[in-house]
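Understanding the architecture of this molecule
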Amino acid sequence: MSEHIHYVTDDTFEAEVLQSSLPVLLDFWAEWCGPCKMVAPILEELAEQYAGRLKIAKLDVDNNPASPAKFSVRSIPTLILFKNGNVEATKIGALPKSQLAAFIDSHL
């Protein structure tokens, strides 16, 4: 677990994501999900790389069903970039670091 990754629940979602002063890249994931485990170390690297410019957060879909339902998350990992409380962009599936960084850069 990285100190740069924020863990969000349905209860903390509004404060951590929607009211964040920084853009938030939220990873909807589950413990049993293989592709989620593949993307986790990449997100930790990016969280360090973008510290101060972007908050990277994770939400466990099994323990927090309300938030994924609200944003129509049907498969995981789903990465949603929030800016000023609004959905800016979405990526579904595990991506290599270069593609994920390009995705972030294009929306920051």
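This text follows the structure it describes.
So, here is what we can say about the structure in this document. These numbers come from a predicted model, not from an experiment.

1. Structural notes on unusual backbone geometry
Here Ile-76 and Pro-77 are connected by a cis peptide whose omega angle stands at 0 degrees. Tracing the backbone shows Pro-77 in the loop between helix H3 (66-70) and strand S4 (78-83). Backbone geometry places Asn-84, a non-glycine residue, at a positive phi of 50 degrees. With respect to the secondary-structure elements, Asn-84 resides in the loop between S4 and strand S5 (86-92). Residue Asn-84 is classed as exposed on the basis of its relative accessible area, which comes to 66%.

2. Here's the deal with the sheet that holds strand S1 (residues 5-8)
One open sheet accounts for five strands, arranged S1-S3-S2-S4-S5; its pairing is mixed. The sheet is open, and its two borders are formed by S1 and S5, each paired with just one other strand. Averaged over all adjacent pairs, the angle separating strand axes in this sheet is 25 degrees, with direction ignored. Strand direction decides the pairing type here: strand S2 (residues 24-29) and strand S3 (residues 55-60), joined by six bridges, are parallel.

Parameters and conventions
Numbering of residues starts from 1 in every chain and runs along the sequence as written. Where local features are concerned, this predicted model is filtered to residues with pLDDT of at least 70; where side-chain atom pairs are given and counted, the filter is 80 or more; whole-chain, interface and lining totals use all residues. Side-chain calculation: all heavy atoms of the structure are included, whereas hydrogens and water are not. We count a stretch as a helix when DSSP gives it H or I for four or more residues in a row; a strand needs E for two or more, and each element gets its number in order from the N terminus. Any residue under 20% of the maximum accessible area for its type is buried, any over 50% is exposed, and the rest in between are partly exposed; the area is computed with a 1.4 Å probe on protein chains only. Strands are treated as partners if at least two bridges between them are detected by DSSP. To obtain each axis, a line is fitted to C-alpha atoms, and for helices this fit is confined to the stretch in contact; angles are then taken between N-to-C directions over 0 to 180 degrees.

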